[in-house]
Amino acid sequence: MSRRGWALFVAMSVIWGVPYLLIKVAVGTFDPVLVVFARCVLGAVLLVPLVVARGQQRELARHWRPLLAFTVLEMTGPWLLLSVAEQTLSSSLTGLLVATVPFVAALAGQLLGGEEPLSRVRIVGMLVGVVGIGALLGLDVRGAEVLAIGAVVLTVVGYGTAPLIISRKLADVPGVAASAVALCVTSLVYAPFAVPRLDQFAGAPLDAVGAVVVLGLVCTAVALVLFFRLIREVGPQRALVITFVNPAVAVLLGVLLLGEPFTVGIAVGLPVILVGCVLATRRTRARAPEPLPVAPA
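If you're wondering where the values come from, they're calculated on a predicted model, not measured in any experiment.

### Side note on the nonpolar core
Nonpolar side chains tend toward joint burial in soluble globular proteins.
Moving on, step 1. Core analysis: the biggest nonpolar cluster contains 84 residues, and Met12, Trp16, Phe70, Leu230 and Phe244 have the highest contact counts within it.
Moving on, step 2. Looking at this core, the element that brings in the most residues is helix H10 (residues 206-234), giving 15 residues.

See the structure below:
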């Protein structure tokens, strides 16, 4: 990848690794539905004025179908499905299942055509990344109900295919505008369930409120804009390799900020994940054209 691509990759890995910590703080006080609603509203409040000031709303009407599809696959559907699934699934099993997103993206890209073919090195890199996630998080299958696993599988399909919509159907739509639409739509979907719970903010601890604010402004609004740029810079397949790094960032933050133990699994898993990321994002070398046969003189 280019230096710009790596910079965006690292930024996204950190920014989408932080929410695990912030959500843990927020849901200790607020209902999960309210947390999702609040982060979407805050993100929309930040981005919508930028869209209007730049006059970008005019470009959105003719792209409403792919915008709606992206919103449902990337945000509205997955956030609800994960909330349901994690009521019974362990975080380790959920994280391991979500780590399969790059495989889904690669498969979808090959089926639909037009994506860069996967080299053996990149396939090995993705497999190494999954192994690293397994070492990092462990594997606890207790309470693994079929419906909950199905919800995560649907989430993985959404996460794996939504970036393809960005690269194929929304290439000329500014990331700020597309993100603003997605946040507005998701806010409307969650509003009937979240608005009756708004009284939970009255007298809430400052750390919980601060966690929600950072989730909305940084980990949602800013992150979505950077995610669009990352996809356009390195392609959807490489962009989604961040799903290997996000849990690693979350685990490190837990060790550094929450005093969680530094285990052997962390010591083994982190370097394995980094090796997997380097291999999985490696640029595929173009094959040299075969020489044309020379007719005998």
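### Here's the deal with the packing of aromatic side chains
Moving on, step 1. Across all of its chains, the model carries four aromatic pairs by this definition.
Moving on, step 2. With a centroid separation of 5.5 Å and an interplanar angle of 75 degrees, the aromatic rings of Trp6 and Phe9 are classed as edge-to-face. With a gap of three residues between them, Trp6 and Phe9 both fall in helix H1 (residues 3-15), about one helical turn apart.

### Some thoughts on the pattern of salt bridges
Moving on, step 1. For the structure on display, the rule yields three salt bridges.
Moving on, step 2. With a shortest N-O distance of 3.2 Å, Arg4 and Glu233 are connected by a salt bridge. Placement of the pair is Arg4 in helix H1 and Glu233 in helix H10, with a sequence separation of 229 residues.
Moving on, step 3. For Asp31, the salt bridge goes to Arg197, with nearest N and O atoms at 3.5 Å. Within this pair, whereas Asp31 is found in the loop between helix H2 (19-26) and helix H3 (32-53), its partner Arg197 is found in the loop between helix H9 (175-194) and H10, the two being separated by 166 residues in sequence.
Moving on, step 4. Taking relative accessible area as the criterion, Asp31 reaches 24% and is therefore assigned partly exposed.
Moving on, step 5. The exposure class assigned to Arg197 is partly exposed, which follows from its relative accessible area of 29%.

### Considering the confidence of the model for the chain
Moving on, step 1. Per-chain confidence: the chain averages 80 in pLDDT, with 86% of residues scoring 70 or above.
Moving on, step 2. By mean pLDDT, helix H5 (residues 91-98) is the weakest element of the chain at 69, and H3 is the strongest at 91.

### With respect to the layout of surface pockets
Moving on, step 1. Of the pockets and cavities examined, the second largest pocket occupies roughly 240 Å³.
Moving on, step 2. Lining the second largest pocket we find 13 residues, and of these Phe9, Val10, Ser13, Val245 and Leu274 sit closest to its centre.
Moving on, step 3. Tallied by class, residues from the lining of the second largest pocket come to 12 nonpolar, one polar and no charged.

### Comments concerning a nonpolar patch on the surface
Moving on, step 1. On the surface, Leu46, Val213, Val214, Leu217, Val218 and Val222 cluster together into a nonpolar patch covering about 370 Å² of accessible area.
Moving on, step 2. In terms of residues, the nonpolar patch owes the most to one element, H10, which gives five residues.
Moving on, step 3. Locating Val218 in the fold gives a position in helix H10.
Moving on, step 4. Taking the relative accessible area as the measure of exposure, Val218 reaches 36% and is therefore partly exposed.

### Some points on the state of the cysteines
Moving on, step 1. Evaluation of the coordinates by the stated rule reveals zero disulfides.
Moving on, step 2. Not part of a disulfide, Cys40 finds its nearest cysteine sulfur in Cys184, a span of 9.5 Å.

### Notes on the side chain of Ser13
Moving on, step 1. Its place among the elements puts Ser13 in helix H1.
Moving on, step 2. Among the polar contacts made by the side chain of Ser13, one reaches the main-chain carbonyl oxygen of Phe9 at a distance of 2.8 Å.

### Some points on the packing of H1 against helix H12 (residues 242-257)
Moving on, step 1. One way to put it is that H1 packs onto H12 with a least axis distance of 8 Å and a crossing angle of 45 degrees. As the angle between them shows, H1 and H12 are arranged oblique. Here H1 and H12 pass one another in a crossing that is right-handed. Residues Phe9, Met12, Ser13 and Val14 of H1 pack against Ile242, Val245, Asn246 and Val249 of H12.
Moving on, step 2. Each residue belonging to the contact of H1 with H12 can be placed in one class, and the counts come to six nonpolar, two polar and no charged.

### Notes on the side chain of Ser187
Moving on, step 1. Its place among the elements puts Ser187 in helix H9.
Moving on, step 2. Residue Ser187 is classed as buried on the basis of its relative accessible area of 9%.
Moving on, step 3. Ignoring sequence-local partners within four residues, the contact set of Ser187 consists of Phe37, Cys40 and Val41.

Conventions we followed
Residues numbered from 1 in each chain as written. Predicted model: local features only at pLDDT ≥ 70, side-chain atom pairs only at ≥ 80, totals over all residues. Heavy atoms only, no water. Core = buried A, V, L, I, M, F, W, Y, C linked by side-chain atoms within 4.5 Å. Buried < 20%, exposed > 50% of the residue type's maximum accessible area, 1.4 Å probe, protein only. Helix = DSSP H or I, 4+ residues; strand = E, 2+ residues; numbered from the N terminus. Phe/Tyr/Trp six-rings, centres within 6.5 Å; stacked < 30°, edge-to-face > 60°. Salt bridge = Lys/Arg side-chain N within 4 Å of Asp/Glu carboxyl O. pLDDT = per-residue confidence, 0-100. 1 Å grid on protein atoms, 1.4 Å probe; cavity = no way out; pocket = protein on both sides within 12 Å on 5 of 7 lines; lining within 4 Å. Points joined across faces, edges and corners; volume = space filled by probe spheres on them. Nonpolar A, V, L, I, M, F, W, Y, C, P; charged D, E, K, R; others polar. Patch = residues over 30% accessible without salt bridge, like charges linked within 9 Å, V, L, I, M, F, W, Y side chains within 5 Å. Areas by Shrake-Rupley, 256 points an atom, 1.4 Å probe, with all protein chains shown as cover. Disulfide = S-S within 2.5 Å. Polar contact = N/O pair within 3.5 Å; in protein donor to acceptor, adjacent residues only side chain to side chain. Axes fitted to C-alpha atoms, helices over the stretch in contact; angles between N-to-C directions. Parallel < 35°, antiparallel > 145°, perpendicular 65-115°, else oblique. Left-handed = near helix turned anticlockwise from the far one by under 90°. Contact = heavy atoms within 4.5 Å.

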